[in-house]
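# Analysis of the macromolecular model
Take a look at the letters that make up each chain.
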Amino acid sequence: ADLEVIHWWTSGGEQAAVSVLAREFDQLGADKWKDSAIAQGENARAVAYQRIFGGTPPGAAQFNTSRQFEELINAGLLQDLSSVADKEQWASFIRPPAIFGPCQKDGKVYCVPVNLHSEQWIWVNRKVYQQAGVTEPTTWQDFLESAPKIKAAGFIPLAQGGQPWQEFLLFRDMLLGMAGKDVWYQVWRDKNADVAGGSAVRKVFETMGELRQYTDQGMAGRNWNDTTNLVITGKAAAQVMGDWARGEFVLAGKQPGEDYDCIPGPSPEPYLTTNGDVFIFPKQKDPAVTQAQFKLASMLVDARVQTLFNNAKGSLPIRDDVDMSLADACIKKGLALLKRPDAIVQGYALFITPDTRGQIEDLLTEYWSTPDMTVDAAQQRFVEIIGDAD
Amino acid sequence: MTHLSTAARADNPYSVAIRDLDLDFDGVRVLRSLNLNIHKGEFLVLLGSSGCGKSTLLNCIAGLLDITDGQILINDRDVTWEEPKDRDIAMVFQSYALYPQMTVEKNLSFALKVAGVNKEEIQRRVSKAAEMLHLTPLLQRKPAALSGGQRQRVAIGRALVRDVDVFLFDEPLSNLDAKLRTELRVEIKRLHQQLNNTMIYVTHDQIEALTLADRIAIMKEGVIQQLDTPQTIYNKPVNRFVAGFIGSPGMNFLQGQLQLQDSQPWFIADSALAGLSVPLTHYPFCADLTGSKAVELGVRPEHVVVGEAATALPVCQEVGVEIVEPMGSDTLAWTRLAGQAFSFRTDTELNLKPGDRLLIGFDPARASCFDARSGERI
Amino acid sequence: MTHLSTAARADNPYSVAIRDLDLDFDGVRVLRSLNLNIHKGEFLVLLGSSGCGKSTLLNCIAGLLDITDGQILINDRDVTWEEPKDRDIAMVFQSYALYPQMTVEKNLSFALKVAGVNKEEIQRRVSKAAEMLHLTPLLQRKPAALSGGQRQRVAIGRALVRDVDVFLFDEPLSNLDAKLRTELRVEIKRLHQQLNNTMIYVTHDQIEALTLADRIAIMKEGVIQQLDTPQTIYNKPVNRFVAGFIGSPGMNFLQGQLQLQDSQPWFIADSALAGLSVPLTHYPFCADLTGSKAVELGVRPEHVVVGEAATALPVCQEVGVEIVEPMGSDTLAWTRLAGQAFSFRTDTELNLKPGDRLLIGFDPARASCFDARSGERI
Amino acid sequence: MQPKPASRRRTQQRYGRLGIYGFLLLSALFFAIPLYVMIITSMKGMPEIRLGQLFSLPGDPTFAAWIKAWSQACTGVTCEGIQAGFFNSIKITLPSVALSILIGSINGYALSFWRFRGANLLFGILVFGAFVPYQVVIYPMIIGFREVGLYGTLTSIILVHTMFGMPIMTLLFRNYFASLPSELFKAARIDGAGFWQIFLQIMLPLAVPIIIVAVILQTTNIWNDYLLGLIFAGSDNLPMTVQLNNIVTTTYGVREYNVNMAATMLTAAVPLAVYLLSGKYFVRGIASGAVKG
Amino acid sequence: MSSSASQSGRAGAARKRWQWRPLLATTPMALTAIGIFVVCVVYSVVLAFTRTKRFPTFDFVGFDQFGRLWHTSRWLASVENLLIFGVLFIAICLLVGFLLAVLMDQKVRMESAFRTVFLYPYAMSFVVTGLVWQWMLEPSLGIQNEVRSWGWSSFSFAPLTDPDFAIYGVIIAAAWQSSGLIMALMLAGLRGIDSDIWKAARVDGIPTWQTYLFIVLPMMRPVVVTSVVLLGASVVKVYDLIVAQTGGGPGISTEVPAKFVIDYITERGNAGQGMAAATMMLLPILLLVGPWVYNEYVRRGARP
Ligand SMILES: Nc1ncnc2c1ncn2[C@@H]1O[C@H](COP(=O)(O)OP(=O)(O)OP(=O)(O)O)[C@@H](O)[C@H]1O
Ligand SMILES: Nc1ncnc2c1ncn2[C@@H]1O[C@H](COP(=O)(O)OP(=O)(O)OP(=O)(O)O)[C@@H](O)[C@H]1O
Ligand SMILES: [Mg+2]
Ligand SMILES: [Mg+2]
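Residues numbered from 1 in each chain as written. Chains lettered and ligands numbered in written order. Predicted model: local features only at pLDDT ≥ 70, side-chain atom pairs only at ≥ 80, totals over all residues. Heavy atoms only, no water.

All names here are of chain D. Domain annotation of chain D identifies domain 1 (5–62) and domain 2 (83–288). Averaged C-alpha coordinates put domain 1 and domain 2 at centres separated by 33 Å. With 10 residues of domain 1 at the contact, the number on the domain 2 side is 10 residues. Interface area, domain 1 with domain 2, both sides summed: about 770 Å², of which 83% is carbon and sulfur. The tally of links from domain 1 across to domain 2 stands at 0 salt bridges. At the boundary of domain 1 and domain 2, one finds 1 residue pair in polar contact (both at pLDDT 80 or more). Put simply, the parts of the chain that give the side of domain 1 that touches domain 2 at least two residues each are helix H1 (5–42) and helix H2 (46–50). Element by element, the count of residues in the side of domain 1 that touches domain 2 is highest for H1, at 5 residues. Split by residue class, the side of domain 1 that touches domain 2 holds 5 nonpolar, 3 polar and 2 charged. (Domains from an automatic or database assignment. Contact = heavy atoms within 4.5 Å. Buried area = accessible area lost by both parts, 1.4 Å probe. Salt bridge = Lys/Arg side-chain N within 4 Å of Asp/Glu carboxyl O. Polar contact = N/O pair within 3.5 Å; in protein donor to acceptor, adjacent residues only side chain to side chain. Helix = DSSP H or I, 4+ residues; strand = E, 2+ residues; numbered from the N terminus. Nonpolar A, V, L, I, M, F, W, Y, C, P; charged D, E, K, R; others polar.)

In structure tokens form, the structure reads like this:
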């Protein structure tokens, strides 16, 4: 049967990766991968929801490792994959276990994690740093110190995209990098308003405010990959972005360590959050499609497919036993971190709803683009949002 | 209502009979308990000023409006709730209402085709009507390529082909210029003489009404004021409204008092200046006279006699001419009588000029006298 | 053109003078070398059928159209290339052309305000015009809340306040019903007598032309056919077109031959049946007669005498009545004379019916005789 | 002799006209620039675009970007350009335009000539509906379509376009028919024609000017729709605008502006052509009754 | 027919027989009007009073959603933007449309070429409009860069990068797209004005601009109303343009209510909040448009 897969992997590196999945699936036999690419995650997820809601669910749909699909599980609209998962003993090799958490409910399995995305990276253009005569930053403090010099040299110190999610990403990166793991959990998991209103978070807001001056005028509305391109082409020095930015460098033919560098954090003590993509499998009327769903689910966690896919995508595999020898220096840095359990932090998305996330994005984008807004006011609203979150 | 309709049924000799017709538009009563009987073959004209409900009445007869109350019979058949097409009527509109996208021939044959008449019959009737109305050379043209008069003829033709008993005309000539109006008027009259079917004709042009009608129904605010032959309506209007409406140039009205002097009725004009007393001894009163009463005396301009001949009449005065309107065949002159505007018709040969003074007079027996309050003829 | 204008300048006693006016629309000549002189204080009516160029001529005088060639003088001043507002004219339109969103008062005063006239003066002129036209109680209404007649009065008022020498009217009464037309006609006439300024009035209604005009210019296809007083035009039309155009009911035309018999001119009607010979001895010929010639004899319906009196006339025949059109004041009857349709006007009292037979006759001296080919009066 | 007054007046007029043409040309320039930018950018190579000279003519004009946009650009796994979407858009637009105009004209006709009880209320609701943002009613509509088993089919997207187009279409036709003389309708009824005969044989042929306006408006609206197509059309019928969006947001390291522009132009080609070919009738049609409020 | 009772009974039947065809023919309209614009709207409004996330639940929470809504600065900014956008967009379109129509009405040569140029943007979707104008207003690519390359290096025109001016950048794009349509409407309206009015004004010596302003424009009320309705409807719905051109940014400076609603009912999965916002959008429409629609179409009914 044809298995329609909704995803938002339309960017260059992503396309190569999703093509791996499609090809591998088609080679399994009778079933065909039917591609439904819809640009931008929110659109793709909205369509997936509407399709499921409207009674013509896709065979599979990409979501993030998060609470985005918990209502689908609760409403009993997703296919229970326990039979496959139990047989193949997914729980035994999917790591870190946190990324499998959102997929499970009452002992049943409703989604398949396919990769791990680490967000805590700053991508720098080595040549720019060389020309500006400063060293690449490893902490936010370093960054703030070097930025004026880079700016003086005629480069954009911080390439930042102009979309709310990118501003939120920057904020998260700074929160984890500056305030550390405990604050992270207290804010996201425990929704501790006191901590959210505390000095550690305040410092993050302050720093973020300072960063505004190191960006460029063309920021408004800019996509992340266009922003990455600024770093690639040497117009900007650095960009804070998840590991998916690597694909852009690769496609541009740049060499890690030579042309560019990926620096975890920046933080004195780098962490890796466990975000990633999962596929959900809505319940189907046609048993043949259901069979195909099981087949795809099984294939997605297959070690070989994981290798091919994650090498293409530049993300980290969900299992330990895959061959990532082909991976480049940046991926290897991530893999190395992944091996240290204390460096692994659960992603914010496991704890807060898209609604809360949206509110925070609204706040941050407003704050980021409104220099007049005081740190107090911004933090005050942050506290309210965290306090009201469920 | 019921007793009337059952009673009337027994011996209804009428082509169209309307019984106690009421019609409301959004709660406003436009026609009120209207009764009208039209004989077979009669040419009835509905005359009245704009907005008096003429078209509304015609539309009711045609079945284009759902009536509020009452009954409409055509040829003895109650058609109150029949479809227009089942009423044995045809209608001609002021705006022609030709189907612009169809040729004249198609316009003429549309109704027949819709009714499923067979081709030869359609062909026959269309060419007969076209011939009768001199439309044969125009059959392949579209309405846009016709002159106003030709269009109106097509509209009449469209009614003609349907071969019905009752023709309804809603101001068919209003959109034409004076010359064409006169021509088509004669044609319609001729048509009526040929076909001899019932025709109900709405107009607000009194010349049309007078020339065409067997009987005229004069309407005002949804009520028929007078229903009679043109002569009677012209000479003996039942009220001031009818009198003023009919006749062109219009009737002169002199304000005044009706008084009995020496048990003879006299009309004394209201006037600050020159007085005017008119003896009404020979006036055919329809009501008893009691005491003095405000009245208006109506005198038609053509009943005024000019010059020496006037001295023979009961009323005769010398007046100054103010305005002269030559109309070719004769001339209308305006003057003042007892201080009130007064017009009269004279021969063009007299060659009047403003400022001329002359004798005028009229015969009170041919005048009309109306109660100033109710407007009714006395 | 130049020599003419300098020459004409010297002694131009005219209010409006038009010299050799040509006007083309997209290469089509609509007015051709037209000359027209209008006296001060004259009421000139331009009469003609639709599309003959009346409005075009008026628009040229008003300066609303750029002429192709020629010259226009108003009060001795060459205004050919002046803006309309500088021509000392005012204009009234058929469609009223009121400014719909302004009250009557604003409509009247707008032009003055734009021209910078001071407030009291505006006030004075507006109230004077309003009084003259009985518009005072309506000053605060908007045009939509006025009847057709009132609207047209406002349109006239708008011209009035501008206090100019020449008034131009483009079919001002065509959109009104017959009754109102008659009323406003009288008012315009009265206005002219009061103001005594030059008025040029376009109409295609000949009754309007006859009643209002000092002189009438009858136009056909951009050329003035006859320019004369109403009486002359009515009684002595220069050609068949003018004769047919003027008069309602229209003139009868009898086809026939003009022959000299015993050196006396006779009109012999073309007829298969009953013959008709009319002696034209007393007819005022304007041309020499040579031999036989196809002509049309024009007889006005009101010049026909009915009954015994007819026997005294040179032409007298017994005829059968075909159609009777009572018009209130008199009656038009249709018959056949020498096989040709022929109408005549009679008293209503005669009470004619189709089928009646009676004697009719007319005086050839009052008839008009036209060359059948050229249409010119003979 | 002085210069003829005629020529003086004409000279003044000439200056006035120069002003008019000047202003019109400037405005035309403003309106045309975006199109110009799109066209020239689509004909440039990427290196040239990077120079950042948006308004300069392409040094080496090429249609490569157009070809790529039409048949090669990748949208997800497939790299077939936007051509597939083009045919989907046709599949959606043709029936939707036809159906919405048919229904709109029937409504307008019924409302103008056959006043039945509740007609005005229905119409009032419909006019109000013109202001309702789609999004407000999308969820209940999805439920509705799901219940009748139509969700995600070509039928459903056609119905959706018809329903959302109905307020404007009905208004358009109602106003037009209301401007026709009612005698026409009366005459037809007396001639014995019924509801449908009058509509099909008398009224529809007369509505050609307004049908042209309706075709133009609806073609543009439906062709350009993205949201409704994405939600209701089903995965097999996604319109061209979805592909366009994928291409425009799908890029290698550098966004391929030339391909984006070409794809944009290709997507806009159909409504553009409609306007170019029938702009004259558009103004005429509007003048014939659509603006009577 | 012997009694009035039976007669009126038949009368009633006859009337109904009259009506069934138009009723049948307008079922699609009735279904749409009631099914979509009443039932669906009411359904959505009801959801505004519930805790609905992604799936409708009828777990009522009173006015909580509205309370939260009016405490959200993005919503407040959206409302403010909609007002600015709506007023300016409609005003500019009317002004430009009218001006162009007036000039086009001067018997200009190549009228059809001009008309096409003015009208073609309307063939562009708001998405395309947004993209094109994003490029045009991009500081390093667009107009600013071009003008600077001519030598005027201090020239600055990049409204989209400045939160205070971004909404005006959006208005430029929207007006570019829609002015042509208004021009066409106005042109049609101008052509429909009785030519005698022009002549009367000329004879009265009223300068052309005053004629247009004080006489002709008021006479075109129906056209203006139609235009405002068309523009107003698109203002309320504006979404695509924002998403394509600015994504609501910079910050929240170009957010609009429709985008707020959509974000909440899709990505953010809080349909209750989204519908509360939608309800707030419907309210002014109902208050502003409702009476007008009622007056114009329901009560007066009949013919316009
Ligand atoms: N459809 C309608 N709705 C409401 N009122 C109407 C309607 N049609 C006519 N009327 C009113 O009914 C009255 C009579 O109208 P009708 O058309 O019958 O007048 P009329 O005598 O034919 O006038 P005219 O000579 O102008 O044609 C008028 O007051 C008019 O305003
Ligand atoms: N703007 C124009 N362009 C081209 N031809 C025109 C124009 N205006 C008038 N004409 C033509 O000029 C001729 C005279 O038109 P004009 O309007 O002067 O006639 P009219 O005598 O006023 O007729 P009516 O009684 O119908 O008003 C007509 O044949 C008409 O077709
Ligand atoms: Mg009527
Ligand atoms: Mg004219």
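Using the criterion set out here, one finds 2 disulfides over all chains in the structure. Note on cysteine connectivity: Cys103(A) is disulfide-linked to Cys111(A), with sulfurs 1.8 Å apart. Judged by the sign of its S-S torsion, about -85 degrees, the bond between Cys103(A) and Cys111(A) is left-handed. Considered together, Cys103(A) and Cys111(A) belong to a single accessibility category, that of buried residues. In this model, Cys262(A) is linked to Cys330(A) through a disulfide, with the two sulfur atoms separated by 1.8 Å. Handedness here is read from the sign of the S-S torsion; for Cys262(A) and Cys330(A), about -115 degrees, the answer is left-handed. Of the two residues, Cys262(A) sits in strand S10 (residues 260–264) while Cys330(A) sits in helix H15 (residues 329–338), which places them 68 residues apart along the sequence. Considered together, Cys262(A) and Cys330(A) belong to a single accessibility category, that of buried residues. What connects to what in chain A, once the bonded cysteines are numbered by sequence position, is 1-2, 3-4. Its sulfur unpaired, Cys60(B) is 13 Å from the next cysteine sulfur, which belongs to Cys52(B). We classify Cys60(B) as buried; its relative accessible area is 1%. (Disulfide = S-S within 2.5 Å. Buried < 20%, exposed > 50% of the residue type's maximum accessible area, 1.4 Å probe, protein only.)

Below, the discussion takes up the sheet that holds strand S6 (residues 89–93) of chain B. All names here are of chain B. Taken in spatial order, the 6 strands of this open sheet run S6-S7-S8-S3-S9-S10, and their pairing is mixed. Bordering the open sheet on either side are S6 and strand S10 (223–228), each of which pairs with just one other strand. Adjacent strand axes in the sheet meet at a mean angle of 15 degrees when their direction is disregarded. Here 5 bridges tie S6 to strand S7 (residues 166–170), and the two strands are oriented parallel to one another. (Pairing = 2+ DSSP bridges. Axes fitted to C-alpha atoms, helices over the stretch in contact; angles between N-to-C directions.)

Here we come to the site of ligand 2. Residues and elements named next belong to chain C. Taken together, the neighbourhood of ligand 2 is formed by 13 residues, with Ser-50, Gly-51, Lys-54, Ser-55 and Thr-56 sitting nearest. Here an oxygen atom of ligand 2 sits 2.7 Å away from a polar atom, N or O, in the main chain of Gly-51. Within the side chain of Thr-56, one N or O atom sits 2.3 Å away from an oxygen atom of ligand 2. For ligand 2, whose free accessible area comes to 630 Å², the fraction covered by protein is 57%. At 3 residues, helix H2 (residues 54–62) tops the list of elements feeding residues into the shell around ligand 2. Partitioned by chemical class, the residues of the shell around ligand 2 number 3 nonpolar, 7 polar and 3 charged. (Near = heavy atom within 4 Å. Areas by Shrake-Rupley, 256 points an atom, 1.4 Å probe, with all protein chains shown as cover.)

Attention now goes to the sheet that holds strand S17 (residues 323–326) of chain C. All names here are of chain C. Taking strand neighbours across the sheet as the criterion, the 3 strands line up as S17-S18-S19 in an open arrangement whose pairing is antiparallel. Only two strands of the sheet have a single neighbouring strand rather than two, namely S17 and strand S19 (340–347). Adjacent strand axes in the sheet meet at a mean angle of 25 degrees, parallel and antiparallel pairs treated alike. In this sheet, S19 lies alongside strand S18 (residues 330–337) in antiparallel orientation, the contact comprising 8 bridges. Note that in S19 the partner of Asp-330 across the bridge is Asp-347.

What follows concerns the packing of aromatic side chains. Evaluation of the coordinates by the stated rule reveals 78 aromatic pairs over all chains. An angle of 40 degrees between the planes, with centres 6.3 Å apart, marks the rings of Trp121(A) and Trp123(A) as tilted. Accessibility assignment for this pair places Trp121(A) and Trp123(A) in one class, buried. With a centroid separation of 5.8 Å and an interplanar angle of 85 degrees, the aromatic rings of Trp70(E) and Trp75(E) are classed as edge-to-face. Among the aromatic residues, ring-to-ring pairing joins Tyr109(D), Phe113(D), Trp114(D), Phe173(D), Tyr176(D), Phe177(D), Phe185(D), Phe195(D), Trp196(D) and Phe199(D) into one connected group. (Phe/Tyr/Trp six-rings, centres within 6.5 Å; stacked < 30°, edge-to-face > 60°.)

Residues and elements named next belong to chain B. In the neighbourhood of ligand 1, 13 residues make up the surrounding shell, with Ser-50, Gly-51, Lys-54, Ser-55 and Thr-56 lying closest. In the complex, 59% of the free accessible area of ligand 1, which totals 630 Å², lies under the protein chains. Looking at the shell around ligand 1 element by element, the count peaks at 3 residues for helix H2 (residues 54–62). Among the residues making up the shell around ligand 1, the classes are represented as 3 nonpolar, 7 polar and 3 charged.

One non-glycine residue, Gln89(A), adopts positive backbone phi at about 55 degrees. Within the secondary structure, Gln89(A) sits in the loop between helix H4 (82–88) and helix H5 (90–93). Even without a glycine there, the phi angle at Ser33(C) is positive, about 20 degrees. Of the residues examined, Ser33(C) reaches a relative accessible area of 47% and is grouped as partly exposed.

Taking contact number as the criterion, the leading pair out of 8 pairs of chains in contact is chains D and E. Regarding chain A and chain B, which are not in contact, the minimum distance between any of their C-alpha atoms is 46 Å. Nowhere do chain A and chain C come into contact; their C-alpha atoms are at least 48 Å apart.

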